[in-house]
Amino acid sequence: MKLAGIRVLDLSSFIPGPYLTLAMADHGAEVIKVEAPGGDHTRHIGLSDGPDTVYFRAFNRGKKSVVLNLKDEADRAAFLALVDTADVVVESSRPGVAARLGIDYATLSARNPRIVYCAISAFGQDGPLARRPAHDLALEAMTGVLGATLGADGKPAMPGIPVSDYLSALQGLSGVLMALLARERTGRGDFIDIAMQETLLSATSNVMGPTLAEGRQPNVAHERTTGGGAFYRWYACGDGRMLAIAGQEKKFIEALLGHLGRIDLAPLCNEPGPHQQPVVDLLAQTFAAMTLDEAGALLDRLDVCWGPVKTYPEALDDEQVKARGFILTDQLGRRHIGTPIRFAHEPARPSLHAPALGEHQDLIA
């Protein structure tokens, strides 16, 4: 596998760090999860379907677990011994904590100059908010994302997933892999400072046009992908189910409106805004007179971009997901989400075993 021979020390918890190191474990890295006495927080959050919570096993399968109290001198010395043989360290403490514990990049790189150190935090390692605590919802609020994710009542809607957690994990993974690649040339590791706030802001580029060009807040209800496009919204079908039309290219618009005998409405879809309401009304009326299956068959025949609005159980049962074998099953019959990075050569071979707390304590000298 691509990362065989790479040793990673994972000091993180919750989602950003563990999701980063999960990808590395799935592709062959040896990931050693360094847990405080009592274990990772997610060992105790949410439903269990076996020896572990679903939350914990989802992000920590295929890793090893050692227990160290890094406030204890002997345990810190044991950790530093691991650093001597490691390639990557990932941590998600508030800025300043690692230095107080004596496990910061300056300390570790002095022992092992090849170490790649990734620190994920809410606001980054410097700046006036660096030591302020924040999870995803606060960051979505502060970056404008929550204020642009509005329900029918015009108020912010609760996000379905913690976007900044996953974005920071993926940006962190990119940084780690870049640093490992550069290390082959220079022989030296690096320090990677990932701010969740910045990763979220970086993902707003496609909706920042009004702000970057004109210095104004977008009118969410009238913008191209947030409510102002008849061909980028959901519609109710007559059987109570829903579908999402999700393609605003001319070919999709003309295919459906032409079939409905209203090609004259197509020019209204050239730009987003309230002037598209006649198209919205037409599509709403059309789908309300059909079942989801009937509507889907029509849209497939016309080759229009669309998708049914599914529940999570329905999503896992999706024919495409099944065909690609993306949902994995372990020896206990529990389902796991697969790895989305697929290589033609040296593909991932995920281990579905989640480590018991301290299961690999023998790794400590």
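The structure under discussion appears in the preceding block.
Calculation rules
- Residues numbered from 1 in each chain as written.
- Predicted model: local features only at pLDDT ≥ 70, side-chain atom pairs only at ≥ 80, totals over all residues.
- Heavy atoms only, no water.
- Helix = DSSP H or I, 4+ residues; strand = E, 2+ residues; numbered from the N terminus.
- Polar contact = N/O pair within 3.5 Å; in protein donor to acceptor, adjacent residues only side chain to side chain.
- Core = buried A, V, L, I, M, F, W, Y, C linked by side-chain atoms within 4.5 Å.
- Buried < 20%, exposed > 50% of the residue type's maximum accessible area, 1.4 Å probe, protein only.
- Contact = heavy atoms within 4.5 Å.
- Pairing = 2+ DSSP bridges.
- Phe/Tyr/Trp six-rings, centres within 6.5 Å; stacked < 30°, edge-to-face > 60°.
- Lys NZ or Arg CZ within 6 Å of the ring centre and 35° of its normal.
- Axes fitted to C-alpha atoms, helices over the stretch in contact; angles between N-to-C directions.
- Salt bridge = Lys/Arg side-chain N within 4 Å of Asp/Glu carboxyl O.

The next thing to look at is the side chain of threonine 204. Here threonine 204 is to be found in the loop between helix H8 (196-202) and helix H9 (209-214). A distance of 2.7 Å separates a polar atom in the side chain of threonine 204 from the backbone oxygen of leucine 201.

Here alanine 152 is to be found in the loop between helix H6 (136-142) and helix H7 (163-186). In sequence terms alanine 152 and histidine 135 are 17 residues apart; their C-alpha atoms lie 25 Å from each other.

Within soluble globular proteins, side chains that are nonpolar tend to cluster in buried spots. Membership of the largest hydrophobic core comes to 28 residues, with the highest contact counts inside it found for Ile6, Val8, Leu20, Met24, Val88, Cys118 and Val176. Going through the elements one at a time, helix H1 (16-26), strand E4 (88-91), strand E5 (116-121), H7, strand E6 (190-195) and H8 are the ones with two or more residues in this core. In terms of residue count, the dominant contributor to this core is H7 (five residues). Setting aside residues no more than four positions away along its own chain, valine 88 makes contact with Ile6, Arg7, Val8, Leu9, Met24, Ile115, Val116, Val176 and Leu180. Among the nonpolar cores identified, the runner-up in size contains 24 residues, and Phe231, Tyr235, Leu257 and Leu265 belong to it.

Here the focus is the pairing of E5. Counted residue by residue, E5 has six buried out of six residues, so it is predominantly covered. Across the two faces of E5 the burial is the same, with Val116, Cys118 and Ile120 and Tyr117, Ala119 and Ser121 all buried. Bridge count between E4 and E5: four bridges; the pairing is parallel. Bridging from a neighbouring strand, valine 88 pairs with valine 116 of E5. When E5 meets E6, the two strands line up parallel, connected through six bridges. Each residue of the ladder has a partner; that of alanine 119, found in E6, is aspartate 193.

Before going further, it helps to examine the packing of aromatic side chains. What the rule picks out here adds up to eight aromatic pairs. Ring geometry for tyrosine 105 and phenylalanine 191: centres 5.6 Å apart, planes at 45 degrees, overall tilted. Separated by 86 residues along the polypeptide, tyrosine 105 in helix H5 (residues 105-111) and phenylalanine 191 in strand E6 bring together distant segments of the chain. Given a relative accessible area of 22%, tyrosine 105 falls into the partly exposed group. Aromatic rings pair up to connect Tyr19, Tyr55, Phe59 and Tyr166 into one cluster. The ring of phenylalanine 343 carries lysine 2 above its face, with NZ or CZ at 4.8 Å from the centroid.

Locating serine 13 in the fold gives a position in the loop between strand E1 (7-10) and H1. A polar atom in the side chain of serine 13 sits 3.1 Å from the side chain of aspartate 40. If near-sequence neighbours (up to four positions away) are discounted, serine 13 is found in contact with Pro18, Asp40, His41, Thr42 and Ser92.

Here the focus is the sheet that holds E4. Within the open sheet, the six strands sit side by side as E3-E2-E1-E4-E5-E6. Their pairing is parallel. Both edges of this open sheet fall to strand E3 (64-67) and E6, since each of them pairs with a single strand only. Here the average twist between neighbouring strands, direction ignored, is 20 degrees. Where E1 meets strand E2 (residues 30-35), four bridges bridge the pair, whose relative direction is parallel. When the sheet's bridge partners are listed, aspartate 10 is paired in E2 with lysine 33. Each of E1, E2, E4 and E5 touches H1; the most contacted strand, E1, lies at about 160 degrees to it. Packing of H7 onto the sheet brings it into contact with E4, E5 and E6, and relative to E6 it is tilted by some 165 degrees.

Turning our eyes to something else, we now look at the pattern of salt bridges. Under the defined criterion, the tally for this structure stands at 19 salt bridges. Note that lysine 33 is salt-bridged to aspartate 40, the shortest N-O span being 2.9 Å. Assessed through its relative accessible area of 1%, lysine 33 is described here as buried. As a salt-bridge pair, aspartate 52 and arginine 334 come within 3.7 Å of each other at their nearest N and O atoms. Of this pair, aspartate 52 sits in the loop between E2 and helix H2 (54-60) while arginine 334 sits in the loop between strand E10 (327-329) and strand E11 (335-337), and the two are 282 residues apart along the sequence. The buried category is assigned to aspartate 52, whose relative accessible area is 7%. Residue arginine 334 is classed as buried on the basis of its relative accessible area, which comes to 8%. What you see here is one network of salt bridges that share partners, running through Asp49, Asp52, Arg57, Asp330 and Arg334.

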